[in-house]
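# Observations on the model geometry
Spelled out, the chains give:
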Amino acid sequence: FEFIGDIENLLTPGEWKIINSKYKNDEVLTTNDVIYLWNNGVYIGSHNDRHVILNRNVSLENVEHEMLTSKNKIKSFISHDSLIYAYPNGTSNDFSTQTALICMKTGYKIGFTTIHGYVDKNSNKMLMPRIQLTRIRSLLKTIFYSYFR
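This structure is a prediction, so every number in the text was calculated from the model and none was measured. (Residues numbered from 1 in each chain as written. Predicted model: local features only at pLDDT ≥ 70, side-chain atom pairs only at ≥ 80, totals over all residues. Heavy atoms only, no water.)

### Structural notes on the packing of aromatic side chains
For clarity, the cut-off: Stacked, tilted and edge-to-face are the three classes assigned to paired rings of Phe, Tyr and Trp, where Trp is represented by its six-membered ring and a pair needs centres within 6.5 Å; plane angles under 30 degrees give stacked, over 60 edge-to-face, the rest tilted. In this text, helices come from DSSP runs of H or I with a minimum length of four residues, and strands from runs of E with a minimum of two, each type numbered from the N-terminal end. Three labels apply to residues, based on accessible area from a 1.4 Å probe with only protein chains included: buried if under 20% of the type maximum, exposed if over 50%, partly exposed otherwise in between. The rule for a charge over a ring is simple: NZ of Lys or CZ of Arg within 6 Å of the ring centre, and within 35 degrees of the ring normal.
One pass over the full model with this rule turns up 4 aromatic pairs. The interplanar angle of 55 degrees and the centroid separation of 5.1 Å between the aromatic rings of Tyr85 and Tyr108 together place this pair among those described as tilted. Taken as a pair, Tyr85 in strand S1 (residues 84–86) and Tyr108 in the loop between helix H5 (97–105) and strand S2 (110–116) lie far apart in primary sequence, 23 residues in all. Of the two residues, Tyr85 and Tyr108, neither departs from the other in class, the shared state being buried. Measuring from ring centre to ring centre gives 5.1 Å for Tyr87 and Phe95, while their planes differ by 35 degrees; the resulting arrangement is tilted. Given a relative accessible area of 0%, Tyr87 falls into the buried group. Above the plane of the ring of Tyr108 lies Lys71, whose end atom (NZ or CZ) is 4.4 Å from the centre.

### Some thoughts on the side chain of Ser70
When you line up the elements, Ser70 lands in helix H4 (residues 60–78). What makes Ser70 buried here is its relative accessible area of 6%.

### Brief notes about H5
Rule in force here: Directions from the helix axis toward the C-beta atoms define the arc. Here a residue-residue contact requires only that any non-hydrogen atoms of the pair lie within 4.5 Å. Polar contacts here mean pairs of N or O atoms no more than 3.5 Å apart (in protein, one a potential hydrogen donor and the other a potential acceptor; neighbouring residues in sequence count only if both atoms are side-chain atoms).
Taken as a whole, H5 has its buried residues at Thr99, Ala100, Ile102 and Cys103. The buried residues of H5 all sit within an arc of 160 degrees when viewed along its axis, so they share a single face. Facing away from the buried side of H5, by more than 90 degrees, are the exposed residues Thr97, Leu101 and Lys105. Of the surrounding secondary structure, the elements contacted by the buried residues of H5 are H4 and S1. In this structure Ser96 caps H5, since a side-chain oxygen of it lies 3.3 Å from the backbone nitrogen of Gln98. With its phi angle positive at about 105 degrees, Gly107 sits one or two positions after the end of H5.

### Describing the nonpolar core
Heads up, the rule is: Throughout this description, the term nonpolar core refers to a set of buried Ala, Val, Leu, Ile, Met, Phe, Trp, Tyr and Cys residues connected via side-chain atoms within 4.5 Å.
Counting 13 residues, the largest nonpolar core has Leu54, Met67, Tyr85, Tyr87 and Cys103 as the members making the most contacts within it. Of all the secondary-structure elements, those providing two or more residues to this core are H4 and H5. The element that contributes the greatest number of residues to this core is H5, accounting for 3 residues. With residues up to four places along the chain from it excluded, the contact list for Tyr85 reads Ser46, His47, Asn48, Leu54, Met67, Cys103, Tyr108, Ile110, Gly111 and Phe112.

### Quick look at the environment of Ile131
Structurally, Ile131 can be placed in the loop between strand S3 (128–130) and helix H6 (136–148). By relative accessible area, which is 48% here, Ile131 ends up partly exposed. Put simply, Ile131 and Thr114 are 17 residues apart on the chain and 8.3 Å apart in space, counted from C-alpha to C-alpha.

### Here we look at H4
Note the following rule: Expected helix span is given by 1.5 Å per residue-to-residue step, counting one fewer step than there are residues.
Relative to the 27 Å expected for 19 residues at 1.5 Å per residue, H4 spans 27 Å between its end C-alpha atoms, a close match to the ideal helical length. Along H4, the residues classified as buried are Val63, Glu66, Met67, Thr69, Ser70, Lys71, Ile74 and Ile78. Taken together, the buried residues of H4 touch helix H3 (31–39), S1 and H5. Immediately beyond the C-terminal end of H4, within one or two residues, lies Ser79, with a positive phi of roughly 55 degrees.

Here's what the structure looks like:
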């Protein structure tokens, strides 16, 4: 996590202590963080309950359980049905045609992979590609620096 070290270097020790204490566990966002983001115009999508990679080693029942549990938790936080799903890891080894069908069956309208590509009228809505942002680290450093200074 070189990026985390970069953030730490941008902050004073006191600022870092506050941030580090708030996110001291493995939970990236707290329930209150999700609610705050939703109430401030950020759409909340789903990414599985326990970040299980949906490869061929996972039963289809487990795939459905992961997707539905995540969807239901989000709905319990923000009283809104999440319609967007992002496959954990999202490479071509991390999902299948069957997982895409389960994604649709569980009520998602769009599923995102991490496969680099552009969207066009022929794109499968349950297996959408993404454009990789090579300068994201620099952008995030700038955002964190401006926010915490």
